[in-house]
Amino acid sequence: MTANNSTDQKLDKAVRVAVLGAAGGIGQPLSLTLKMNIHVKELSLYDVSPHVSGVAADLSHIDTPAKVSWHTPDNGGLPAALDGCDFVLVPAGVPRKPGMSRDDLFKINAGICAELASGIAQYCPTATVLVISNPVNSTVPVFAEVFKKNGTFNPRKLFGVTTLDSVRADTFIHEVMPDLNWGLIKVIGGHSGDTIVPLLSTVLGQDIKSLSHMQLHAINHRVQYGGDEIIQAKKGLGSSTLSMAYAAQKFFTTVLSSYLGLTDKNIACTFINTEFDNEALDGVNELKQIVRKLTGRPDLDLKYFAMPCVFGPNGIERVQYECLEHLDSTEVEMVKVCCETLPSNYSKGIDFVRGK
Ligand code: NAI
C-alpha cells in the first residue's frame, strides 16, 4: 500500500509500530513492508545489533509517511523503542540451522522473549503483540506469563504468527489444484512439525476425493516440514525470512484493518491462549469441548491452540470453533497427534517464566 489521493482520508487513522529484531533476516524485509503501509505513522526499529541504524537510514529514504526511528540497548533501549506503540512485532532471536528443530531454539529465544515481554508490559502495556520468534508453541506462553505477572495480559491481543503455515498450504495445494480460490485454507493446532494441522477438506469439499491418499499426505507433510526445505537450500545461512516477512505483513494487515475499523469480519489463523472462558474470548469454551471430543481425552486442559479467529477493533472477537465440526478422519487423527505434543511445548514456556 502506498499513499495516493484516494487513500489520503484514511491517513488520520495511523499507528505506531515497533519491530523487535529489526536488523535480522525477517526483521529487515518485514520493516520494509511496514514502511510501505500508509497506516503506519511511526516505525520504531529495535535490535541488539548496531546494524539496525543502517536499516533505519535505508528505509527512511522511501517516499511514504512513516517516520522511522532506530534503537539499541545503547540508543534509547526498549523504553524509547516501545513508548506509545500500538503494535509490536517480534522476530528477535536465533533461527534454525540444518538439523535443528524449532524446540532446539527454546533455551536462547525464551530468555530474549521474556526480556522483550517485560519491556512491552512496562512501556506499551496495551499494545497488540505479534510473536514470530520460534518456537512459537513455547514463546507465546512466555509472553503471556510475563504479561500476567505484570497484570497486563489480554488474550485478545497476543498472537503467535502462524500465517506462514496457511501461506504454504495454499501454495502447495495450488500446485496440484490450480483452479481453487486463494487464501481459504485454515491451519490449526501449533506451529511446529506434527503440531501443524492443515484443514484441506474444509476447502476442497468433495474435490478432496480427486487427490490420492499419497498426494494428500505429501501436501500435509510439506506444510508441516516446509521450513526445512528453506534451511537446507540456504545451506545453514538462515531459515525462512522473505516468505515469513510476507506472511507476517499479511497477518498484520488483517489485524490492523480490524483495529482501525477499515474493514470488518476479518479472519485469520493464529496461535492463541485458550485458558480463559467465553467472557475473555468468545468461542473458546466450544473449541476446548470439541478438541476433547475429537481426541477422546475428556480431561484435556488445552491452554494454547492455533485457530481461525475473527478480528475487530479490540483484537480477537471470536474463535471460529465451527471449523472443527466437520473434519475428515485424517484431520481428526492429526489433531490427536498435535494434542500429544502441544501441551508439553506450551508448558515449557509457562514453566520457564514461573521458574520451575
Ligand atoms: P536472524 O538471526 O536473522 O535475526 C534475528 C535478529 O534478532 C537479529 O538481528 C538479532 O540481532 C536480533 N536479536 C537477538 N537478540 C535480541 C534481543 N534481545 N533484542 C532484540 N533483538 C535481538 O533470524 P531470523 O531469520 O530473522 O528469525 C528470527 C526468528 O523468527 C527466529 O526465532 C526464527 O526461528 C523465527 N521464525 C519464525 C517463523 C514463523 O513462522 N513464526 C518462520 C521463520 C522464522
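How each quantity is defined
- Residues numbered from 1 in each chain as written.
- Predicted model: local features only at pLDDT ≥ 70, side-chain atom pairs only at ≥ 80, totals over all residues.
- Heavy atoms only, no water.
- Salt bridge = Lys/Arg side-chain N within 4 Å of Asp/Glu carboxyl O.
- Helix = DSSP H or I, 4+ residues; strand = E, 2+ residues; numbered from the N terminus.
- UniProt positions renumbered as here; feature names shortened; annotations may be inferred.
- 1 Å grid on protein atoms, 1.4 Å probe; cavity = no way out; pocket = protein on both sides within 12 Å on 5 of 7 lines; lining within 4 Å.
- Buried < 20%, exposed > 50% of the residue type's maximum accessible area, 1.4 Å probe, protein only.
- Contact = heavy atoms within 4.5 Å.
- Polar contact = N/O pair within 3.5 Å; in protein donor to acceptor, adjacent residues only side chain to side chain.

Student: Would you mind going over the pattern of salt bridges with me for this structure?
Tutor: Side chains carrying opposite charge are able to pair once their charged atoms draw close together. Using the criterion set out here, one finds 11 salt bridges in the structure. The partner of Glu145 in a salt bridge is Lys148, and the shortest N-O contact between them spans 2.8 Å. Placement of both Glu145 and Lys148 in helix α5 (residues 136-149) is noted, with a separation of 3 residues, approximately one turn of the helix. One salt bridge connects Glu145 with Arg354, and the closest N-O pair in it is separated by 2.9 Å. In this pair, Glu145 is assigned in helix α5 and Arg354 in helix α11 (residues 329-354), connecting sequence segments 209 residues apart. Through salt bridges with shared partners, a single network forms among Glu145, Lys148, Glu275 and Arg354.

Student: Quick question: what am I supposed to make of the UniProt feature "binding site: substrate" (unreviewed entry) in the protein chain here?
Tutor: Using the residue numbers shown here, the UniProt feature "binding site: substrate" (unreviewed entry) corresponds to Arg96, Arg102, Asn134 and Arg168. Put simply, the named residues that line the largest pocket are Arg96, Arg102, Asn134 and Arg168. Locating Arg96 in the fold gives a position in the loop between β4 (87-90) and α4 (106-123). Assessed through its relative accessible area of 9%, Arg96 is described here as buried. Discounting residues that sit within four places of it in the chain, Arg96 has contacts with Ser101, Arg102, Leu105, Gly227, Asp228, Ile231, Gly238 and Ser239. At a separation of 3.3 Å, a polar atom in the side chain of Arg96 contacts the main-chain carbonyl oxygen of Met100. Relative to the elements of secondary structure, Arg102 occurs in the loop between β4 and α4. Ignoring anything within four residues of it in the chain, the contact list for Arg102 reads Arg96, Asn134, Pro135, Arg168, His191, Ser192, Gly193 and Gln224.

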